[in-house]
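# Structural overview
Below, each chain spelled out in residue letters.
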Amino acid sequence: MILAIDTATRWTGLALHDGFTVRAEFGWAVNKKQTVELAPRIAGLLQGQEIDPAALKGIAVAIGPGSYTGLRIGLAIAKGLALVHDLPLIGVPTLDVTAAGIPISAAPALVVTVEAGRQRVIAGGYEAHDGRWQAAAAPEILTWDVLLAGLRAPTAIAGEISPEAREKIKNQSVFGLLVQPAAGVRRAGWLAELGWERLRAGRLDDAAALTPTYLRRPDGS
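Described below are features of the structure shown in this document.

Thresholds applied
Note on numbering: residues in each chain are counted from 1, in written sequence order. Only residues with pLDDT of at least 70 get local features here, since the model is predicted, and only at 80 or more are side-chain atom pairs given and counted; chain-wide, interface and lining totals rely on the full set of residues. The basis for every side-chain value is the complete set of non-hydrogen atoms in the structure, without hydrogens or water. We treat two strands as partners when DSSP finds at least two bridges between them. A run of H or I in DSSP counts as a helix once it spans at least four residues, and a run of E counts as a strand once it spans at least two, with each numbered from the N terminus. Under this scheme, a helix contributes an axis fitted over its contacting stretch, all axes are lines through C-alpha atoms, and angles between N-to-C directions fall in the 0 to 180 degree range. In what follows, a contact means two residues having at least one pair of non-hydrogen atoms within 4.5 Å. Relative accessible area decides the class of each residue, using a 1.4 Å probe on protein chains only: under 20% of the type maximum gives buried, over 50% gives exposed, and in between gives partly exposed. When the strands point away from the viewer, a crossover counts as right-handed if the path from the first strand over the helix to the second runs clockwise. Expected span, for any helix, means 1.5 Å times one less than how many residues it has. For this analysis, a salt bridge means a side-chain nitrogen from Lys or Arg found within 4 Å of a carboxyl oxygen belonging to Asp or Glu.

### Quick notes on the sheet that holds strand β1 (residues 2-6)
Strand order in the open sheet formed by 5 strands is β3-β2-β1-β4-β5, and the pairing between neighbours is mixed. The open sheet is flanked by β3 (22-29) and β5 (89-92), the only strands paired with a single partner. Taking each pair of neighbouring strands and ignoring which way they run, the sheet shows an average axis angle of 15 degrees. Judged from the 5 bridges that link them, β1 and strand β2 (residues 11-17) form a sheet pairing that is antiparallel. Each residue of the ladder has a partner; that of Ile2, found in β2, is His17. Where helix α1 (residues 34-48) meets the sheet, it contacts β1, β2 and β3, and its direction lies at approximately 20 degrees from that of β2.

Take a look at the structure:
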């Protein structure tokens, strides 16, 4: 069993995966309450499935980009569990989790987004290879105007998209194809599945050395 922890943004997710299927999954929107809510939710998830933390095979954690505070909280708990119970730790890029849940048939290309504040967005481009989305470029912080102006072919857009941004995509973009909100939710089940793949491949991280991926300084600049 692998435990997945995602606190990269206000959307927080937890999941348990036994290597064959998602055994339990929980996602919710938090409002600066991750410090208070996360540990009890993890304990409840494990107790509900009658799993001792020491019996886990590994911990998968979203490592960013995303919120400075959120990433720090999630990684701290993931590291703590991994070190205390001597478990493998697997860091997974935040945008890869969303991309994993988007069908390849959605469009020839994909952009995954995370809100960055100040009318900006963190965006990463993906291309289809061997039946799955692969990152085509490193994520960057953009305005929606710049992002949409840079599209040169039909592109699915998924992830955290504000109502205002959705209207902008519909009204201003020739190539932007909105993925339905429910389909673009960053599911912890996908994080757990990606974690299993990396665990089996031996792509593990040093719990003491793993750090989050930030695209801006903690002061928000």
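### A closer look at the pairing of strand β4 (residues 58-62)
Where burial is concerned, most of β4 is hidden: 5 out of the 5 residues are buried. With burial as the criterion, each face of β4 is covered, one bearing Gly58, Ala60 and Ala62 and the other bearing Ile59 and Val61. Sheet analysis places β1 next to β4, joined by 4 bridges and oriented parallel. Among the inter-strand pairings, Ile5 is bridged to a residue of β4, identified as Val61. For β4 and β5, the ladder comprises 4 bridges, and the chain directions are parallel. Note that in β5 the partner of Ala62 across the bridge is Val92. Taken together, β4, helix α2 (residues 68-85) and β5 constitute a β-α-β crossover, and its handedness is right-handed.

### Observations concerning α2
With 18 residues, α2 extends 26 Å between its outermost C-alpha atoms, agreeing within 8% with the 26 Å of an ideal straight helix rising 1.5 Å per residue. Along α2, the positions that sit buried rather than exposed are Gly70, Leu71, Ile73, Gly74, Leu75, Ala78, Lys79, Leu81 and Ala82. Summarising the contacts, the buried residues of α2 are in contact with β1, α1, β4 and β5. Count one or two residues on from α2 and you reach Asp86, which has phi positive near 55 degrees.

### Points about the pattern of salt bridges
Opposite charge on two side chains permits pairing when their charged atoms draw close. Scanning the model with the defined rule gives 7 salt bridges in all. A salt bridge links Glu115 to Arg10; its shortest N-O distance comes to 3.0 Å. Highlighted residues: Glu115 in strand β6 (residues 109-117) and Arg10 in the loop between β1 and β2, separated in sequence by 105 residues. A relative accessible area of 33% places Glu115 in the partly exposed class. Among the residues examined, Arg10 registers a relative accessible area of 56% and is labelled exposed. Asp96 is the salt-bridge partner of Arg198, the closest N and O atoms lying 3.7 Å from each other. Of the two residues, Arg198 sits in helix α6 (residues 188-200) while Asp96 sits in helix α3 (residues 94-100), which places them 102 residues apart along the sequence. Owing to a relative accessible area of 15%, Arg198 belongs among the buried residues under this scheme. Within this structure, Asp6, Glu160 and Arg186 form a network of salt bridges that share partners.

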